[in-house]
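Report on the structure
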Amino acid sequence: MKSFVLITGAAGGVGKAFAAECAARGWDLLLSDLPGSPLEALAEGMRRMYAVQVEMLACDLTDADARAAFWREVERRGAKFWMLVNVAGMEFEGPFHTRSLDELRTITRLNVETVVEMTHAVLGNRDPVQTLRIINISSLAGFNPMPFKAVYAASKRFIINFSLALHKELRVQNVTVTVVCPAAMPTSPRSIRGLTKLGGWGQLSLSNPNRVAAVSIKYALTGRPLYIPGIFNRAVHLFSRLLPQPWVSWWIWRHWRGGYTSG
């Protein structure tokens, strides 16, 4: 029986970092991302560089029928998993009223439905002789209400609470859950534009995706439930916990509003 690490959103910047880190450790992979994404190139690169088995299974995780078909194919292949890395996600910034319903649905389906369903399904397809390690990618934004990122931040808060609860609940079943809450990572043109808007704050909060992947895996293997990358980001999180959330939200609104009202 082959036992794999399953990575969703594998073709994105963070997903590639996790794929490379896992492959470098000699772990066999099953990579998933949207149909049409460069999964084949990524898989071939991992095979050549690290000599591991890499399988692919494209899936639009925002579609419930596609998710069901994904797991039917997993069962047909007889694949089992000892680690799941839920990376797949999407962010659309800007005033809530200017976001389309399709954009809002995409965020909630990826950050809520998909995380819940993939986590539930992997429990039924786990390698029974190993500890199951689950890593869920959330965001530092999930700790506070975020004007101009209202749905994104709220859905990331869901991932935090969901992960921390399951970490306690599933330990007796030899399962650990680690939630990772990075701030800024330059993994796409959209994220780079967001960093530019933040100016100096963006540079201070910056995290390297490769380091985030490496340390996240170390946390997961030792059963630690929460990882916030970066000393500056951990300090921001600690400071924000000392203030009333309405004050934090006001500061965020004041800091961001110029970027969306200046025309």
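It should be noted that the structure appears before, not after, this text.
In short, a report on the structure. A quick note: this is a predicted structure, and the numbers were derived from the prediction, not measured.

Describing the packing of aromatic side chains
This model, assessed by the stated rule, comprises 5 aromatic pairs. With 6.0 Å between their ring centres and 85° between their planes, tryptophan 71 and phenylalanine 81 make a pair best called edge-to-face. Placement of tryptophan 71 in helix α3 (residues 64–77) and of phenylalanine 81 in strand β4 (residues 80–86) is noted, with a sequence separation of 10 residues between them. With a centroid separation of 5.5 Å and 10° between ring planes, the pair formed by phenylalanine 158 and phenylalanine 162 is classed as stacked. You can see phenylalanine 158 and its partner phenylalanine 162 sitting in helix α5 (residues 150–170), 4 residues apart, about one turn around the helix. Note on phenylalanine 158: relative accessible area 29%, which makes it partly exposed. Among the aromatic residues, those joined into a cluster by ring pairs are Phe70, Trp71 and Phe81.

Overview of the side chain of serine 138
Note that serine 138 resides in the loop between β5 (132–137) and α5. Of the polar contacts made by the side chain of serine 138, one reaches the backbone oxygen of lysine 156; its length is 2.8 Å. Ignoring any residue separated from it by four or fewer positions in sequence, one finds serine 138 in contact with Lys156, Ile159, Ile160, Val179, Val180, Cys181 and Pro182.

So, the sheet that holds strand β7 (residues 226–227)
Strand order in the open sheet formed by 7 strands is β3-β2-β1-β4-β5-β6-β7, with parallel pairing between adjacent strands. Of all the strands in the sheet, the pair left with one neighbour each is β3 (54–56) and β7. As paired strands, strand β1 (residues 3–8) and β4 are joined by 6 bridges and run parallel to one another. Across the sheet, the residue bridging to leucine 6 is leucine 84, located in β4. The sheet contacts of helix α1 (residues 13–24) involve β1, β2 (29–31), β4 and β5, and relative to β1 the element is tilted by about 165°.

About the cut-offs
- Residues numbered from 1 in each chain as written.
- Predicted model: local features only at pLDDT ≥ 70, side-chain atom pairs only at ≥ 80, totals over all residues.
- Heavy atoms only, no water.
- Phe/Tyr/Trp six-rings, centres within 6.5 Å; stacked < 30°, edge-to-face > 60°.
- Helix = DSSP H or I, 4+ residues; strand = E, 2+ residues; numbered from the N terminus.
- Buried < 20%, exposed > 50% of the residue type's maximum accessible area, 1.4 Å probe, protein only.
- Polar contact = N/O pair within 3.5 Å; in protein donor to acceptor, adjacent residues only side chain to side chain.
- Contact = heavy atoms within 4.5 Å.
- Pairing = 2+ DSSP bridges.
- Axes fitted to C-alpha atoms, helices over the stretch in contact; angles between N-to-C directions.

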